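# Commentary on secondary and tertiary structure
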2 protein chains.
Amino acid sequence: MALTIKVNEETFTPRQQAVLTAALDLLVENGDGLTMTAVARRASCSKETLYKWFGDRDGLLTATVQWQAAKVRMPVVDRSHLNAKALRLSIEQFARDLLTVITGEVSITLNRTAVTHAAQEKDSLGIIVLENGPLAIRRRLKPILEAGRDARLLRFDSSEDAYRTFFGLVVRDVQIRLLLGDKALTQTNVVANIEADVKAATDQFFALYGAKANNP
Amino acid sequence: MALTIKVNEETFTPRQQAVLTAALDLLVENGDGLTMTAVARRASCSKETLYKWFGDRDGLLTATVQWQAAKVRMPVVDRSHLNAKALRLSIEQFARDLLTVITGEVSITLNRTAVTHAAQEKDSLGIIVLENGPLAIRRRLKPILEAGRDARLLRFDSSEDAYRTFFGLVVRDVQIRLLLGDKALTQTNVVANIEADVKAATDQFFALYGAKANNP
DNA sequence: AACGAACCGTACCGTACGGTACGCCTGCGG
DNA sequence: CCGCAGGCGTACCGTACGGTACGGTTCGTT
């Protein structure tokens, strides 16, 4: 159970999804408040049903994170005719999606849950969150970057390095500060600046990896 | 108790420091294993003493994190005669310090503990970790950056933005992946690449903010 | 020597929570 | 109409852990 990571969407009945929704709500409202009793009460079901469906508490947690993380599907960017303007818009869109997801309350909750989980020799949740968060973006961004390089619009040796630089330029210290509960970073504040941050990060990315850049 | 954040180094007796060391060891070994009984046994002291010294479990946790985080004192960089080479060495040193700290087992543990804590309406640990981690670097880096600007070696409008870009270029996705327990990032692997990453990040930082850079 | 403070070890209490058992209701196939 | 499977609600059990109490020991002070 702990070792089987079902990457594909598990097929949950509507009733089960209602239970998962209740569990997620409890997680968001009160991070550690995910007790089986609380979920049962919130979802109006019996604890016995929870155990029948999800095995144990960890199974319920995993199902919740898995199910919710998989819902974070960012819009696919058009990849045809890669002129400079289209490429820039694509990059900006990725930056915007990444920042929007990361600053969302659900994402913060899932990441906190996974980090907490990772602090106890359990890493399955961390893998799930990674797989559906940064790595999902990476999988979709890399082909765009490489297409940009093929079109002589970008210049880099390793698309992995380019991706990680992009991640750093966009995320900066926002995620860790949100995870640590930095009050100075109210989400409204961050959200209000997303557009400016997106533009700045994209500018910097092109300054480093644009074809005309003077990087080694 | 919960509201008083003692920024200055609390003066702990050697015996108390031994207790805090035991607590930290337990945290590192087994993230959630910080039970009062375990600490008392490890430190060969009585639980009653723990409660007398630290008030309650949260007090012990706070004292441990506070005490340990404050120990992360990165070497001060020479700020005199800022020629281009000295500035670059300083920046590199900051990058190296930041990466070294972040990838350390103690830092990972403290950050995980603080994130877990933040998931429960408690934010004091997060503040402590932030204050002694990223913000400590920021406090010491900003003057250097501004001195570099005064010396016409760097060009930027906001030193805050410059710092955050520096943070992103150096940290990238390393910290969040370590916090989530990404096995693909064994620490030895990261540590082995620190020097290369330091150089790359510094190159990129100067490409963006160096006086000869073509940034707006 | 006598006293008391600090502290260790351990036993103890109350509670919270994971997990299980059981009685009851509802809906559906024969 | 009967039986039964699925599921709800609740009661229950065992354990782990935070927090307290207490007897015994060491050590410094007078």
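In this text, all values refer to a predicted model and were calculated from it rather than measured experimentally.

Mapped onto the elements, Q175 of chain B comes out in helix 10 (residues 174-179). What makes Q175 of chain B buried here is its relative accessible area of 9%.

Residues and elements named next belong to chain B. In this fold, Q16 is placed in helix 1 (residues 14-29). What makes Q16 buried here is its relative accessible area of 13%. Setting aside residues no more than four positions away along its own chain, Q16 makes contact with T11 and W53.

What follows covers the relation of the copies chain A and chain B. Of the transformation superimposing chain A on chain B, the axial component is 0.0 Å and the angular component is 180°, with the fit at an RMSD of 0.1 Å. On this basis, the relationship between the two copies can be described by a two-fold rotation axis. Of the C-alpha atoms belonging to chain A, the one lying closest to the rotation axis is found on G168 of chain A, 2.0 Å away. Interface residue correspondence from chain A to chain B reaches 100%, placing this contact among same-surface, isologous pairings.

To continue, consider unusual backbone geometry. In this model, S44 of chain A sits at a positive phi of 55°, which is unusual for a non-glycine residue. As for its position among the elements, S44 of chain A is in the loop between helix 2 (36-43) and helix 3 (47-54). In this structure, R152 of chain B is a non-glycine residue whose phi angle is positive, near 65°. Among the structural elements, R152 of chain B can be located in the loop between helix 8 (134-150) and helix 9 (159-171).

A common way to express how large an interface is: the accessible area buried when the components associate. At the interface, 38 residues of chain A touch 38 residues of chain B. In total, about 3,600 Å² of surface goes out of reach between chain A and chain B, with carbon and sulfur atoms giving 62% of it. Contact with chain B buries surface across chain A, with R164, R172 and L180 of chain A losing the most and accounting together for 20% of the total. Inspection of the region where chain A meets chain B yields four salt bridges. D173 of chain A is the partner of R164 of chain B in a salt bridge, and the nearest nitrogen-oxygen pair spans 3.0 Å. Elements with a contribution of two residues or more to the side of chain A that touches chain B: helix 6 (105-118), helix 7 (124-132), helix 9 (159-171), helix 10 (174-179) and helix 12 (194-209) of chain A. Per element, the largest residue contribution to the side of chain A that touches chain B is seven residues, and it comes from helix 9 of chain A.

Looking now at the protein's contact with DNA strand C. Among the 15 residues in the neighbourhood of DNA strand C, the closest are listed as K47, E48 and R57 of chain A together with R15 and T49 of chain B. Between a base oxygen of DNA strand C and a side-chain N or O atom of K47 of chain A, the distance comes to 2.5 Å. In this structure, T49 of chain B approaches DNA strand C through a side-chain N or O atom, which is 2.9 Å from a phosphate oxygen. Listing elements by their share of the surface near DNA strand C, those giving two or more residues are helix 3 of chain A together with helix 3 (47-54) of chain B. Here the residues of the surface near DNA strand C are counted per class, giving five nonpolar, four polar and six charged.

It is worth spelling out the protein's contact with DNA strand D at this point. In the vicinity of DNA strand D lie 15 residues, with S46 and T49 of chain A together with K47, E48 and R57 of chain B positioned nearest. Those atoms of DNA strand D that come within 4 Å of the protein belong to sugar or phosphate at a rate of 53%. Within the side chain of R15 of chain A, a nitrogen or oxygen atom sits 3.1 Å from a phosphate oxygen of DNA strand D. A distance of 2.9 Å separates a phosphate oxygen of DNA strand D from a polar atom in the side chain of R57 of chain B. Broken down by secondary-structure element, the contributors of at least two residues to the surface near DNA strand D are helix 3 of chain A together with helix 3 of chain B. In terms of residue class, the surface near DNA strand D is made up of five nonpolar, four polar and six charged.

This paragraph deals with the environment of W67 of chain A. Residues and elements named next belong to chain A. Residue placement: W67 occurs in helix 4 (residues 57-71). Residue classification places W67 among the buried positions, given a relative accessible area of 14%. Between the C-alpha atom of W67 and that of I128, which follows or precedes it by 61 residues, the distance is 9.8 Å. Dropping the residues within four chain positions of it, W67 is found in contact with F12, Q17, L20 and T21.

All right, on to the pattern of salt bridges then. Evaluated as defined, the whole model comprises 26 salt bridges over all chains. In this structure, E92 of chain B and R88 of chain B form a salt bridge, with 3.3 Å as the shortest nitrogen-oxygen distance. Here E92 of chain B pairs with R88 of chain B, and both are found in helix 5 (residues 84-103), just four residues apart, close to one helical turn. For E92 of chain B, a relative accessible area of 15% translates into the label buried. On the basis of relative accessibility, which here comes to 25%, the residue R88 of chain B falls in the partly exposed class. The closest approach of N and O atoms between E195 of chain B and R96 of chain B, which form a salt bridge, is 2.8 Å. Of this pair, E195 of chain B sits in helix 12 (residues 194-209) while R96 of chain B sits in helix 5, placing them 99 residues apart in sequence. In this structure, a network of salt bridges that share partners links the residues R88, E92, K199 and D203 of chain A.

If you check helix 6 (residues 105-118) of chain B, its first and last C-alpha atoms are 20 Å apart, about what 14 residues at 1.5 Å a residue would give, namely 20 Å. Summarising burial for helix 6 of chain B: 12 of the 14 residues are buried, a large majority.

Thresholds, definitions, all that
- Residues numbered from 1 in each chain as written.
- Chains lettered and ligands numbered in written order.
- Predicted model: local features only at pLDDT ≥ 70, side-chain atom pairs only at ≥ 80, totals over all residues.
- Heavy atoms only, no water.
- Helix = DSSP H or I, 4+ residues; strand = E, 2+ residues; numbered from the N terminus.
- Buried < 20%, exposed > 50% of the residue type's maximum accessible area, 1.4 Å probe, protein only.
- Contact = heavy atoms within 4.5 Å.
- Least-squares fit on C-alpha atoms with pLDDT ≥ 70 in both.
- Buried area = accessible area lost by both parts, 1.4 Å probe.
- Salt bridge = Lys/Arg side-chain N within 4 Å of Asp/Glu carboxyl O.
- Near = heavy atom within 4 Å.
- Polar contact = N/O pair within 3.5 Å; in protein donor to acceptor, adjacent residues only side chain to side chain.
- Nonpolar A, V, L, I, M, F, W, Y, C, P; charged D, E, K, R; others polar.
- Expected span 1.5 Å × (residues − 1).

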